[in-house]
Amino acid sequence: DLKRQMATEVVPNQTKKNIKRKAKKAKKVKKAKAVARDYSNDLKIYLAEWKNRDQDDTWKFNKLIQSWALDNCFDKKKIDSITFKVLLPYIMTIRGAALSRLKEKVKDIIAGTYSEVENNDGESEKPELPKSLLSRALKIHSKVQMLSES
């Protein structure tokens, strides 16, 4: 009788909420631990299709690849120089919030206030930035300035 009563006993709402919170938190931790995918090959294909979009109808906007490209456009290890040269004209077609975020990032890099590293306190550390990062930021800045002037 006691076992049956315990099995059918309703779990209080507070406990249910705690269980749901723990499950949600575990899911977030699992996502955070997942290794970020490298979209460099996808970006090459995407940009090749974008470049030939007038001849072919194969190109289709892909927010995920665009976001990855804009987040990693300063990283020579992820986006090689050939792909970066194709990316520059593509950047000139970007509008809205994506362009605003990119402009802000470029401004921070040029000003020397950009930091890719955060410590545990949430404060940014200012490591020595690679010359390639500044070089790419200046190239993007010149393209974005052309957009602003036109």
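Since this is a predicted model, take the numbers as computed values, not measurements. (Residues numbered from 1 in each chain as written. Predicted model: local features only at pLDDT ≥ 70, side-chain atom pairs only at ≥ 80, totals over all residues. Heavy atoms only, no water.)

Trainee: Looking at this structure, how should I read the nonpolar core?
Mentor: Note on soluble globular proteins: their nonpolar side chains tend to be buried together. Grouped together as the largest cluster of nonpolar side chains are 29 residues, with contacts concentrated most on Leu43, Phe74, Leu87, Ile91, Leu102 and Ile140. Put simply, the parts of the chain that give this core at least two residues each are α3 (40–51), α4 (63–72), α5 (81–91), α6 (96–111) and α7 (131–149). Each residue touching isoleucine 140, except ones within four places of it in the same chain, is listed here: Cys73, Phe74, Phe84, Leu88, Ile91, Leu102 and Val106. (Core = buried A, V, L, I, M, F, W, Y, C linked by side-chain atoms within 4.5 Å. Buried < 20%, exposed > 50% of the residue type's maximum accessible area, 1.4 Å probe, protein only. Helix = DSSP H or I, 4+ residues; strand = E, 2+ residues; numbered from the N terminus. Contact = heavy atoms within 4.5 Å.)

Trainee: What's the story with the packing of aromatic side chains in this structure? I'm lost.
Mentor: Applying the stated criterion across every chain yields a total of four aromatic pairs. On the basis of an interplanar angle of 85° and a centroid distance of 5.3 Å, the ring pair of tryptophan 50 and tyrosine 90 is categorised as edge-to-face. A residue pair is termed long-range when its members are at least 10 positions apart, and tryptophan 50 in helix α3 and tyrosine 90 in helix α5 qualify at 40 residues. In textbook terms, an aromatic cluster arises when at least three aromatic residues are bridged by ring pairs, as seen for Tyr46, Trp50, Trp59 and Tyr90. Of note, arginine 136 hangs over the ring of phenylalanine 84, and the distance from its end group to the ring centre comes to 4.4 Å. (Phe/Tyr/Trp six-rings, centres within 6.5 Å; stacked < 30°, edge-to-face > 60°. Lys NZ or Arg CZ within 6 Å of the ring centre and 35° of its normal.)

Trainee: What exactly am I supposed to notice about the pattern of salt bridges here?
Mentor: Inspection of every chain in the model, using the stated rule, returns three salt bridges. One salt bridge in this structure joins lysine 44 and aspartate 80, with 3.1 Å as the shortest N-O distance. In this pair, lysine 44 sits in helix α3 while aspartate 80 sits in the loop between α4 and α5, placing the two residues 36 residues apart along the sequence. Exposure remark for lysine 44: the relative accessible area of 39% places this residue in the partly exposed category. (Salt bridge = Lys/Arg side-chain N within 4 Å of Asp/Glu carboxyl O.)

Trainee: Mind showing me how you'd approach the side chain of threonine 83 here?
Mentor: Mapped onto the secondary structure, threonine 83 falls in helix α5. In contact with threonine 83, other than residues within four places in its own chain, are Leu43, Lys44 and Leu47.

Trainee: Can you help me understand α4 in this one?
Mentor: Along an α-helix, residues three or four apart share an orientation, since each turn contains 3.6 residues. What α4 keeps buried is the set Ile65, Gln66, Trp68, Ala69, Leu70 and Asn72. In this structure, the buried residues of α4 make contact with α3, α5 and α6. Two or three places before leucine 64, at the opening of α4, asparagine 62 has a side-chain oxygen 3.0 Å from that residue's backbone nitrogen. (Polar contact = N/O pair within 3.5 Å; in protein donor to acceptor, adjacent residues only side chain to side chain.)

Trainee: Explain a nonpolar patch on the surface here, please?
Mentor: A cluster of nonpolar side chains, contributed by Ile110, Leu134 and Leu138, occupies part of the molecular surface with about 230 Å² of accessible area. The topology assignment puts leucine 138 in helix α7. (Patch = residues over 30% accessible without salt bridge, like charges linked within 9 Å, V, L, I, M, F, W, Y side chains within 5 Å. Areas by Shrake-Rupley, 256 points an atom, 1.4 Å probe, with all protein chains shown as cover.)

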